[in-house]
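A structural walkthrough
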Amino acid sequence: MTLGTARNTVGTRAGLLGPLALAGLAARARASGALDIAIGTPPGQPPRAAVTAAADAMLAGRNQYADPAGVPELRAAVAGRLLASSGVGVDPETEITITAGATEGLLVALLTVTDPGDEVVVVEPAFELYRGAVELAGCTRVPAPLDPSGWRLDPERIASVLTPRTAALIVNTPHNPTGRVFTAEELGGLLDLCERRGVTCVVDEVYADFVFDGGPHVSALGFPRHRPRVVVVGSLSKADEMSGWRLGYCVADPALTTALRHVHERTTFGAAVPLQHGAAVLARAGSGPEQFRNGRDEMVRRLAAMGFEVTTPEGGWFLLAGTRRLGLRSDALAEGLLVRAGVLVAPATPFFADTGEGQRWIRTTFVKDLATLTKALDAMESFLAEPDGGVWA
Ligand SMILES: Cc1ncc(COP(=O)(O)O)c(C=O)c1O
């Protein structure tokens, strides 16, 4: 006699996740030696002092479990940086939690501030990992679009998608993939809205050190009144060029931090201890926007000349290039460029809930050396000039 129905070995939630969208294209690009202007891998190495300090920590026997909230020296270093970069005072004892990259930080933040069945508003276009994090938390993703003419953050547009079931909202500044850096007015307006509607704001600031043209990075931590409803997620992957060390952090007020730490103790029980000691010796961020400014300008100029619609990135590592004027769909264009021009760009479909909208844009990164960028852009230009370039549309 059979008792009940046999369950699948993979749960529905995990089964629905699927692979990350760019993984397949990226593997083919690696195999064929294509020029990658899609993926934002730090071009350099972590500062030598950090590598030495991490190795020293291992040799000195700091290889066992430590405080899951993060080693105090690293929390203090992060607090010092936040003070220097945003003028914001944060207590490392009670308000900073070190995570295994911003990736864990985002998941921990969502698991802390939502319940299964809640709605989470995701400001779109959005970094691909948000979608899976919302789904893993058992919540429903509700997209809230930026205004595509200039990618402005308009709280009125966001307000129209909030419901009594909205528990949280995720926004990212400087923004991947558009390069927007939201102003104090835009971010303040959004935080006011969240406060009025009882929504917790998860603000991904992993590109905080990359704002061009002297513009300020406006941190959500700079709005003291809103702190009880804000979790800021940061990373050491970007400016410190240690993305493989998997170090990030959550900043939240003490009450929220207590709950975040309870979740984080269950997800990882802490990030790698010797690597935290390594990163702790870095008082300041290792790199900033200067080295990428020429690459950004070159990419904007060349893509615009090829007929893409481009808004100059104010910060971050990426830009979205619109394909409508060229009459090309982004997935077909990416496929054609990979196969025929040896260039990897990212179709923007993973960044939008609406596939049709995603087909209108490709994402590229300018975080590469100028010679690689020039070679890739030359190859794109030749491909688009081919008489049958449109065959991919
Ligand atoms: C917007 C954004 N958030 C979070 C992350 C993940 O950062 P981490 O390496 O700290 O997990 C990335 C990485 O590309 C990103 O672009």
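The numbers attached to residues start from 1 for each chain and follow its sequence in the written order. Local features in a predicted model are, by the rule used here, given only for residues with pLDDT of at least 70; side-chain atom pairs are given and counted only at 80 or more, and totals for whole chains, interfaces and linings are based on all residues. For the side-chain quantities, the full set of heavy atoms in the structure was used; hydrogens and water were omitted.

**Points about the UniProt feature "domain: Aminotransferase class I/classII large" (unreviewed entry) in the protein**
Put simply, the test is: UniProt positions are given in the numbering used here, feature names are shortened, and annotations may be inferred rather than shown by experiment. To qualify as a helix, a DSSP run of H or I must reach at least 4 residues; to qualify as a strand, a run of E must reach at least 2; elements of each kind are numbered from the N terminus.
Look at the UniProt record and you will see "domain: Aminotransferase class I/classII large" (unreviewed entry) annotated at residues 35-379. When the span residues 35-379 is considered, its composition is 39% helix and 16% strand, and the gap between its end C-alpha atoms is 9 Å.

**Side note on the packing of helix H13 (residues 330-341) against helix H15 (residues 370-385)**
Filter applied, for reference: For helices, the axis comes from a line fit to the C-alpha atoms of the stretch in contact; other axes are also lines fit to C-alpha atoms, and the angle between any two N-to-C directions lies between 0 and 180 degrees. Angles are sorted into four bins: roughly parallel if under 35 degrees, roughly antiparallel if over 145, roughly perpendicular if 65 to 115, and oblique for all others. Only heavy atoms enter the contact rule, under which two residues are in contact if any of them lie within 4.5 Å. Basically, the charged four are Asp, Glu, Lys and Arg, the nonpolar ten are Ala, Val, Leu, Ile, Met, Phe, Trp, Tyr, Cys and Pro, and anything else, Gly included, counts as polar.
Running from N to C, H13 and H15 point in directions that differ by 105 degrees, and their axes come no closer than 10 Å. The orientation of H13 with respect to H15, classified from their angle, is roughly perpendicular. Mapping the contact onto sequence places Leu333, Gly336, Leu337, Arg340 and Ala341 in H13 and Ala379, Met380, Phe383 and Leu384 in H15. Each residue belonging to the contact of H13 with H15 can be placed in one class, and the counts come to seven nonpolar, one polar and one charged.

**Side note on the nonpolar core**
Note the following rule: We call a set of buried residues a nonpolar core when its members are Ala, Val, Leu, Ile, Met, Phe, Trp, Tyr or Cys and they connect through side-chain atoms within 4.5 Å of each other. Here's how the labels work: a residue is buried when its accessible area is under 20% of the maximum for its type, exposed when over 50%, partly exposed in between, all with a 1.4 Å probe on protein chains only. As used throughout, domain bounds are those supplied by an automatic or database domain assignment.
One finds Leu110, Leu303 and Met380 to be the most contacted residues of the largest nonpolar core, which totals 65 residues. Here this core spans two domains, and each of domain 1 (20-44 + 288-385) and domain 2 (48-280) adds at least three residues to it. Apart from the residues within four sequence positions on either side, leucine 303 is in contact with Phe308, Val310, Leu319, Ala321, Thr364, Leu377 and Met380. If you look at the next biggest cluster of nonpolar residues, it comprises 56 residues, including Val78, Val161, Val230 and Tyr249.

**Here's the deal with the sheet that holds strand E13 (residues 361-365)**
The criterion, for reference: Note on pairing: two strands pair once DSSP finds at least 2 bridges between them.
The strand order E9-E10-E13-E12 describes an open sheet built from four strands, whose pairing is antiparallel. This sheet does not close on itself; its edge strands, each paired only once, are strand E9 (309-310) and strand E12 (346-347). Here E9 pairs with strand E10 (residues 318-322) via two bridges, running antiparallel. Across the sheet, valine 310 pairs through a bridge with alanine 321, a residue of E10. Helix H12 (residues 290-306) rests against E9, E10 and E13 of the sheet, and its axis sits at about 10 degrees to E10.

**Concerning the domain arrangement of the protein**
What counts is decided by this rule: Buried area: the accessible area, evaluated with a 1.4 Å probe, that two parts lose upon being put together, summed over both parts. Salt bridge, as used here, is a side-chain nitrogen of Lys or Arg placed within 4 Å of a carboxyl oxygen of Asp or Glu. We define a polar contact as two N or O atoms separated by no more than 3.5 Å, with the added condition that, inside protein, one atom must be a possible hydrogen donor and the other a possible acceptor, whereas residues neighbouring each other in sequence contribute only through side-chain atom pairs.
Split into domains, the protein comes out as domain 1 (20-44 + 288-385) and domain 2 (48-280). Once you take the C-alpha centre of each, domain 1 and domain 2 turn out to be 26 Å apart. Every contact between the two is made by 28 residues of domain 1 and, on the other side, 26 residues of domain 2. Carbon and sulfur atoms make up 59% of the surface buried where domain 1 meets domain 2, a total of about 2600 Å² over both sides. Summed over the three residues of domain 1 that lose the most area to domain 2, namely Glu314, Trp317 and Phe351, the buried surface amounts to 23% of that side. Inspection of the region where domain 1 meets domain 2 yields three salt bridges. Across the pair arginine 180 and glutamate 314 runs a salt bridge, and its minimum N-O distance is 2.8 Å. One can count 14 residue pairs in polar contact (both at pLDDT 80 or more) joining domain 1 with domain 2. Looking at the side of domain 1 that touches domain 2, the elements with two or more residues in it are helix H2 (21-32), H12, E10 and E13. Residue composition of the side of domain 1 that touches domain 2, grouped by class: 18 nonpolar, six polar and four charged.

**Re the sheet that holds strand E4 (residues 140-145)**
Spatial strand order, E2-E8-E7-E6-E5-E3-E4: seven strands in an open sheet with mixed pairing. Edge positions in the open sheet fall to strand E2 (96-99) and E4, since each of these has one partner strand only. Taking each pair of neighbouring strands and ignoring which way they run, the sheet shows an average axis angle of 20 degrees. Pairing analysis gives four bridges linking strand E3 (residues 119-124) to strand E5 (residues 166-172), with the strands arranged parallel. Along E5, the bridge assignment pairs valine 121 with leucine 169. Helix H4 (residues 72-86) rests against E2 and strand E8 (248-251) of the sheet, and its axis sits at about 115 degrees to E2. Running at roughly 165 degrees to strand E7 (residues 230-235), helix H6 (residues 101-113) makes contact with E2, E3, E5, strand E6 (200-204), E7 and E8 of the sheet.

**Some remarks on the environment of arginine 293**
Note on placement: arginine 293 falls in helix H12. Separated by 83 residues in the primary sequence, arginine 293 and phenylalanine 210 place their C-alpha atoms 9.9 Å from one another. Engagement of the side chain of arginine 293 in a polar contact is seen with the side chain of aspartate 213, the distance being 3.0 Å. A polar atom in the side chain of arginine 293 sits 2.5 Å from the side chain of glutamate 290.

**Some remarks on the packing of H4 against helix H11 (residues 273-280)**
The condition that has to hold: If you view the pair so one helix is near and one far, a crossing is left-handed when the near helix is turned anticlockwise from the far one by less than a right angle, and right-handed when it is turned clockwise.
In the contact formed by H4 and H11, the axes pass within 8 Å of each other and the chain directions differ by 40 degrees. Taken together, the axis directions place H4 and H11 in an arrangement best described as oblique. As H4 runs across H11, the sense of the crossing is left-handed. Contacts between H4 and H11 involve Glu73, Leu74 and Ala77 on the former and, on the latter, Gln276, His277, Ala279 and Ala280. Considering only residue class, the contact of H4 with H11 consists of four nonpolar, two polar and one charged.

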